[in-house]
Amino acid sequence: MDFYERVRFVMNHIPYGKAATYGQIALLCGKPRNSRQVGYALNRRLGGKDLPAHRVVNASGYLSGAASFRTPDTQKKLLEAEGVIVDDENRVDLKRFGWHHALEDALEFREWFEQNGI
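Residues numbered from 1 in each chain as written. Predicted model: local features only at pLDDT ≥ 70, side-chain atom pairs only at ≥ 80, totals over all residues. Heavy atoms only, no water.

Q: With reference to specific residues and values, describe a negative patch on the surface.
A: A cluster of acidic side chains, namely Asp-87, Asp-88, Glu-89 and Asp-93, defines a negative patch on the protein surface. Mapped onto the secondary structure, Glu-89 falls in the loop between helix H4 (74-81) and helix H5 (94-97). Glu-89 gets classed as exposed once you look at its relative accessible area, which sits at 55%. (Patch = residues over 30% accessible without salt bridge, like charges linked within 9 Å, V, L, I, M, F, W, Y side chains within 5 Å. Areas by Shrake-Rupley, 256 points an atom, 1.4 Å probe, with all protein chains shown as cover. Salt bridge = Lys/Arg side-chain N within 4 Å of Asp/Glu carboxyl O. Lys, Arg positive; Asp, Glu negative; His and termini not counted. Charge placed at Lys NZ, Arg CZ, Asp CG, Glu CD. Helix = DSSP H or I, 4+ residues; strand = E, 2+ residues; numbered from the N terminus. Buried < 20%, exposed > 50% of the residue type's maximum accessible area, 1.4 Å probe, protein only.)

Put into structure tokens, the structure is as follows:
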């Protein structure tokens, strides 16, 4: 299994104008305890250079990827450009702007992983 390939696939499915958590991505990759590994993959660009990394926040909705961007406010600007409201504490309301994937999404991802041997 190539975890980083799975991260790339899942991340490319985060809808425009939505945010996902590190743990949510790990869960959809089939490794629910690997949220830190998702962060590592994004920081090191192990899933590729063109991932929508700005759409990933921590479990409480806080922007936590500032070190991965050229400037500390890049993530906030990119999210706001998509219509996501980031409050004064650099937090996204996940109830409103979170990616609420369905069981069907998880099953589709698992099927794709199996078909592609990752």
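Picking up after the structure, the text goes on.
Q: How would you explain the pattern of salt bridges if you had to name every residue and give the values?
A: Summed over all chains, the structure comprises 3 salt bridges. One salt bridge connects Glu-82 with Arg-55, and the closest N-O pair in it is separated by 2.9 Å. With Glu-82 in the loop between H4 and H5 and Arg-55 in the loop between helix H3 (35-44) and strand E2 (56-57), this residue pair connects regions lying 27 residues apart in the sequence. Comparing Glu-82 with Arg-55 shows no difference in burial state: the two are buried.

Q: Please give an account of unusual backbone geometry that cites residues and values.
A: Of note in the backbone geometry, Asn-90 takes a positive phi value of approximately 60 degrees without being a glycine. Position of Asn-90 among the secondary structure elements: in the loop between H4 and H5. For Asn-90, a relative accessible area of 34% translates into the label partly exposed.

Q: Please set out H3 residue by residue, giving values where relevant.
A: Among the residues of H3, those classed as buried are Val-38, Ala-41 and Leu-42. Down the axis of H3, the sector holding all buried residues measures 95 degrees, keeping them to one side. Away from the buried face of H3 by more than 90 degrees, exposed residues Arg-36 and Arg-44 are located. Residues of H3 that are buried in the fold lie against helix H1 (3-11), helix H2 (22-28) and E2. (Arc of directions from axis to C-beta. Contact = heavy atoms within 4.5 Å.)

Q: For H1, give the residues involved together with the corresponding values.
A: Listing the buried residues of H1 in full gives Phe-3, Arg-6, Val-7, Phe-9, Val-10 and Met-11. Tucked into the core, H1 has its buried residues touching H2, H3, E2 and helix H6 (103-115). Its side-chain oxygen placed 3.1 Å from the backbone nitrogen of Tyr-4, Asp-2 serves as the N-cap of H1. (Polar contact = N/O pair within 3.5 Å; in protein donor to acceptor, adjacent residues only side chain to side chain.)

Q: Go over the environment of Glu-5, please, and point to the residues and values.
A: In this fold, Glu-5 is placed in helix H1. On the basis of relative accessible area, Glu-5 is assigned to the partly exposed category, the value being 25%. Between the C-alpha atom of Glu-5 and that of Arg-91, which follows or precedes it by 86 residues, the distance is 28 Å.

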